[in-house]
Amino acid sequence: MVREACEYELGEVLELYLHLHEDTVPGMTEHLQHTWETIVQDPNHHLIVNEVDGRIVSSCVCVIIPNLTRGVRPYAFIENVVTHADYRGRGYATDCLDYAREIAVQANCYKMMLLTGSKKESTLAFYARAGYNSTDKTAFIQWLE
């Protein structure tokens, strides 16, 4: 079942992120709790999960960003697309991305964007099948310390 994460599911989301790029689950600090509360209370921040047999197996984040161009229409940014290694290849992440697209359409977004650090052909093909292209824009990243 695809839906938005509930406030009590922080631990399960953090465990899933071990299948993204995290090495450890962060300790429950005041900063982490405040960040989580900010996310779940922000109407423009959607942490989408796919639950199978009571377990969160896939997720993505969809942030709706207000915008002053393109007819004052917002755009959506997708981040942290992940599926538990034991559940990959079954369409769970695609379901999350489709749910994010529905959110973006309902918010009258004019585009959706995502970045990936992966160079794997299978990952790039996955995003292409999901409707994203890598030809319209060029992404630049500046990492901050």
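Residues numbered from 1 in each chain as written. Predicted model: local features only at pLDDT ≥ 70, side-chain atom pairs only at ≥ 80, totals over all residues. Heavy atoms only, no water.

Another point: the nonpolar core. I48, C60, C62, I78, V81, L97 and Y127 are the most contacted members of the largest nonpolar core, which has 18 residues in total. For this core, the secondary-structure elements that each account for two or more residues are strand 3 (55-65), strand 4 (75-83), helix 3 (92-106) and helix 4 (121-129). The element that contributes the greatest number of residues to this core is helix 3, accounting for six residues. Residue contacts for L97: discarding those within four places in its chain leaves C60, I78, V81, F126, Y127, A130 and Y132. Counting 13 residues, the second largest nonpolar core, distinct from the first, contains V13, Y17, L47 and V82. (Core = buried A, V, L, I, M, F, W, Y, C linked by side-chain atoms within 4.5 Å. Buried < 20%, exposed > 50% of the residue type's maximum accessible area, 1.4 Å probe, protein only. Helix = DSSP H or I, 4+ residues; strand = E, 2+ residues; numbered from the N terminus. Contact = heavy atoms within 4.5 Å.)

Take the sheet that holds strand 5 (residues 112-114) next. Pairing between sheet strands relies on hydrogen bonds along the backbone, with the strands arranged either parallel or antiparallel. The strand order across the open sheet built from five strands is 1-2-3-4-5, with neighbouring strands paired in mixed fashion. Two strands in the sheet have a free side with no partner beyond their single neighbour: strand 1 (2-4) and strand 5. When strand polarity is set aside, the average angle formed by the axes of neighbouring strands in this sheet is 30 degrees. Where strand 1 and strand 2 (residues 45-52) come together, three bridges link them in antiparallel fashion. (Pairing = 2+ DSSP bridges. Axes fitted to C-alpha atoms, helices over the stretch in contact; angles between N-to-C directions.)

Another point: a nonpolar patch on the surface. Taken together, L115, I141 and W143 make up a surface patch of nonpolar side chains, about 390 Å² in accessible area. Along the chain, L115 falls in the loop between strand 5 and helix 4. A relative accessible area of 37% means that L115 is categorised as partly exposed. (Patch = residues over 30% accessible without salt bridge, like charges linked within 9 Å, V, L, I, M, F, W, Y side chains within 5 Å. Areas by Shrake-Rupley, 256 points an atom, 1.4 Å probe, with all protein chains shown as cover. Salt bridge = Lys/Arg side-chain N within 4 Å of Asp/Glu carboxyl O.)

Okay, the packing of aromatic side chains next. Within the structure shown, the criterion is met by three aromatic pairs. Seen in terms of ring centroids, Y75 and Y110 are 6.4 Å apart; in terms of plane orientation they differ by 75 degrees. Their pairing is edge-to-face. With a gap of 35 residues between them, Y75 in strand 4 and Y110 in the loop between helix 3 and strand 5 connect regions that are remote in the sequence. The ring centre of Y75 lies 5.5 Å from the NZ or CZ of K111, which sits over that ring. (Phe/Tyr/Trp six-rings, centres within 6.5 Å; stacked < 30°, edge-to-face > 60°. Lys NZ or Arg CZ within 6 Å of the ring centre and 35° of its normal.)

Right, let's talk about the layout of surface pockets for a bit. Counted as a void, the largest pocket has a volume near 990 Å³. The wall of the largest pocket is formed by 29 residues, among which M113, L114, Y132, N133 and S134 lie closest to the centre. Looking at the lining of the largest pocket residue by residue, the class counts come to 15 nonpolar, seven polar and seven charged. Space inside the second largest pocket adds up to approximately 820 Å³. Lining the second largest pocket are 30 residues, with L20, V81, V82, T123 and Y127 positioned closest to its centre. At the level of elements, strand 4, helix 3 and helix 4 are the ones that each hand at least two residues to the lining of the second largest pocket. (1 Å grid on protein atoms, 1.4 Å probe; cavity = no way out; pocket = protein on both sides within 12 Å on 5 of 7 lines; lining within 4 Å. Points joined across faces, edges and corners; volume = space filled by probe spheres on them. Nonpolar A, V, L, I, M, F, W, Y, C, P; charged D, E, K, R; others polar.)

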